[in-house]
Amino acid sequence: MNEKEEEKHQPNGTPEITQLIRQLAIGSSNSSVRHQFWSTQPVPSLEEQTTDAEEGPIEPDKDPEDIRKEPYPLLPQFEWTECDIENPKELEELYRLLNANYVEDDDAMFRFDYSAAFLYWALKPPGWRKDWHIGVRTGSSSRRLVAFISAIPSTICIKGKLLKMVEINFLCIHKKLRNKRLAPVLIKEITRRVNQAGIFQAVYTAGIVLPRPVARCRYYHRSLNPKKLIQVGFSRLGPRMTLSRTIRLYALPQDITMTGLEPLSPPYVSSARELLSQYLTRFRLYVSFSEEEFSHWFLPRENVIYCYILKNEQGVVTDLISFYELSSTVIQNDKYPKLRAAYSFYNVATTVSLESLMYNALILAKQQGFDVFNALDLMENETFFKALKFHPGDGFLHYYLYNWRCSTLSPAELGLVLL
Ligand SMILES: CC(C)(COP(=O)(O)OP(=O)(O)OC[C@H]1O[C@@H](n2cnc3c(N)ncnc32)[C@H](O)[C@@H]1OP(=O)(O)O)[C@@H](O)C(=O)NCCC(=O)NCCS
């Protein structure tokens, strides 16, 4: 089957991702234990082909009396806990669990280092609930936090349908407790608690392929501090390039090139939200922010979230850029223990080009000491990658919907960034 024929069979799918998922499914078909857990969940299988006609919930909403009342059992040496992130000690405990055990790259050179201030922001949007910050502790006297999973409420629009969902994030199990099937218990427990609140759909992302991605995005990277990036092994010198030529290649002006670009402040929240909300409706999967949610996610917080706007003479916000701070620990590097990365969040350009807006985002990130600016190839990001010297990385991010069947989307159809 050539690519054109393939496309005909998947009118709304992306041929590339559909093909990739099928290859992975074929590769796995020999193993009878493949996806022992996920095959029991309301998610499409990797082999399945979805047409628009079948899109919607995989299983119906449960009646409250059909939702399990008690938490799922844990092995006797463990107990459930609700992490109280408003208590600085417990927030620090969560920070330490993730700092030592959360996502690493394939070569185990870098590990995400979400700061405590970031976690506080990420886990406490309007409508947050303490019982959705689920931890597992050892039952011994040390009562050590050894696993975590979280949900936050979110309103998501999928192909024109607005749904109350949760975003699942920060699933983490201590390295010493891996491969013991604890992750399925955490996932089932968060699902139970979310179901109890009358919510039956979720969105989440993962680097790995599970049944079944709704989209597959790629990370792109723009060097801001090429010397450090090369020294820590994040980037390599290009062929026929010297360090000084590389430094010159990525040099940026000291100051922004746009007049009027200013940090988002409370008086402009309403107008900025209006701008972003309008913009996001052009995508097939996007998040819908209430004004309260927009304030939470976009008002600048030092070392967490950065947001800048342009406004016209009437005070109407016309353009917006935002990025969040997520460092990584450089594993086994004493000289540079941390890599400071800015991650593109949501950007809208109406009076200037998106490219010039993002050029200024790079300058602002550089001014604030970031080493690299990362972005996924979603929304319109691909349009500025080449001109602004972003390069594709080896990391991919898969988007998933729980209990919602949907044909695959291309990255450019996504208007949703999860932290
Ligand atoms: C992800 C993590 C919690 C999985 O725990 P584990 O001990 O490796 O796996 P377990 O034995 O408990 O469970 C295995 C099941 O969990 C699933 N699983 C693994 N990673 C998963 C993920 N990121 N999201 C959802 N399910 C996942 C597996 O597919 C498997 O189910 P299957 O048999 O249906 O395929 C653990 O590896 C970890 O903490 N990794 C570092 C942090 C991380 O990557 N977090 C996820 C961010 S998306």
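Residues numbered from 1 in each chain as written. Predicted model: local features only at pLDDT ≥ 70, side-chain atom pairs only at ≥ 80, totals over all residues. Heavy atoms only, no water.

Named according to an unreviewed UniProt entry, the chain is Glycylpeptide N-tetradecanoyltransferase originating from Galdieria yellowstonensis. Turning to the chain, the UniProt record has this under Catalytic activity (unreviewed entry): "N-terminal glycyl-[protein] + tetradecanoyl-CoA = N-tetradecanoylglycyl-[protein] + CoA + H(+)". A UniProt comment under Sequence similarities (unreviewed entry) is attached to the chain, and it reads "Belongs to the NMT family." (UniProt positions renumbered as here; feature names shortened; annotations may be inferred.)

**Q** Whenever I open this one, the overall build of the chain confuses me. Can you help?
**A** Scanning the chain from terminus to terminus reveals 11 helices and 17 strands. Dimensions of the chain, computed from the C-alpha atoms along their principal axes, are close to 60 × 60 × 50 Å. When burial is assessed residue by residue, the chain has 53% of its 419 residues classed as buried. Residue pairs in contact within the chain that sit at least 24 positions apart in sequence constitute 74% of those at least 6 positions apart. Within the structure as shown, the chain displays about 19900 Å² of accessible surface, and the carbon and sulfur contribution to it stands at 50%. Each charge class in the chain was averaged separately, 49 positive and 49 negative side chains, and the resulting centres sit 6 Å apart. (Helix = DSSP H or I, 4+ residues; strand = E, 2+ residues; numbered from the N terminus. Buried < 20%, exposed > 50% of the residue type's maximum accessible area, 1.4 Å probe, protein only. Contact = heavy atoms within 4.5 Å. Areas by Shrake-Rupley, 256 points an atom, 1.4 Å probe, with all protein chains shown as cover. Lys, Arg positive; Asp, Glu negative; His and termini not counted. Charge placed at Lys NZ, Arg CZ, Asp CG, Glu CD.)

**Q** Just checking my understanding: could you explain the pattern of salt bridges for this structure?
**A** Close approach of charged atoms lets side chains of opposite charge pair. By the definition in use, this model includes 19 salt bridges. Across the pair arginine 143 and glutamate 79 runs a salt bridge whose closest N-O atoms are separated by 2.8 Å. With arginine 143 in the loop between β3 (133-138) and β4 (145-158) and glutamate 79 in strand β1 (residues 78-82), the pair connects residues that are 64 residues apart, well separated along the chain. Taking the relative accessible area as the measure of exposure, arginine 143 reaches 37% and is therefore partly exposed. Residue glutamate 79 is classed as partly exposed on the basis of its relative accessible area, which comes to 29%. In this structure, glutamate 189 and arginine 192 form a salt bridge, with 2.8 Å as the shortest nitrogen-oxygen distance. Of the two residues, glutamate 189 and arginine 192 are both situated in helix α5 (residues 182-196); the distance of three residues between them amounts to about one turn of the helix. (Salt bridge = Lys/Arg side-chain N within 4 Å of Asp/Glu carboxyl O.)

**Q** Before we go on, may I ask you to explain the packing of aromatic side chains in this structure?
**A** The description of an aromatic ring pair rests on the distance of the ring centres and on the angle between the ring planes. This structure, assessed with the given rule, holds 36 aromatic pairs. Ring centres 4.1 Å apart and planes at 15 degrees place the aromatic pair tyrosine 220 and phenylalanine 385 in the stacked group. Residue tyrosine 220 is located in strand β7 (residues 215-223), and its partner phenylalanine 385 is located in helix α11 (residues 382-385); the two are separated by 165 residues in the primary sequence. Phenylalanine 385 carries the same exposure label as tyrosine 220, and that label is buried. Where phenylalanine 289 meets phenylalanine 294, the ring centres are 6.4 Å apart and the plane angle is 75 degrees; that geometry is what we call edge-to-face. Both residues of the pair, phenylalanine 289 and phenylalanine 294, count as buried. The residue whose ring lies beneath arginine 68 is tyrosine 72, and the NZ or CZ to ring-centre distance is 4.4 Å. (Phe/Tyr/Trp six-rings, centres within 6.5 Å; stacked < 30°, edge-to-face > 60°. Lys NZ or Arg CZ within 6 Å of the ring centre and 35° of its normal.)

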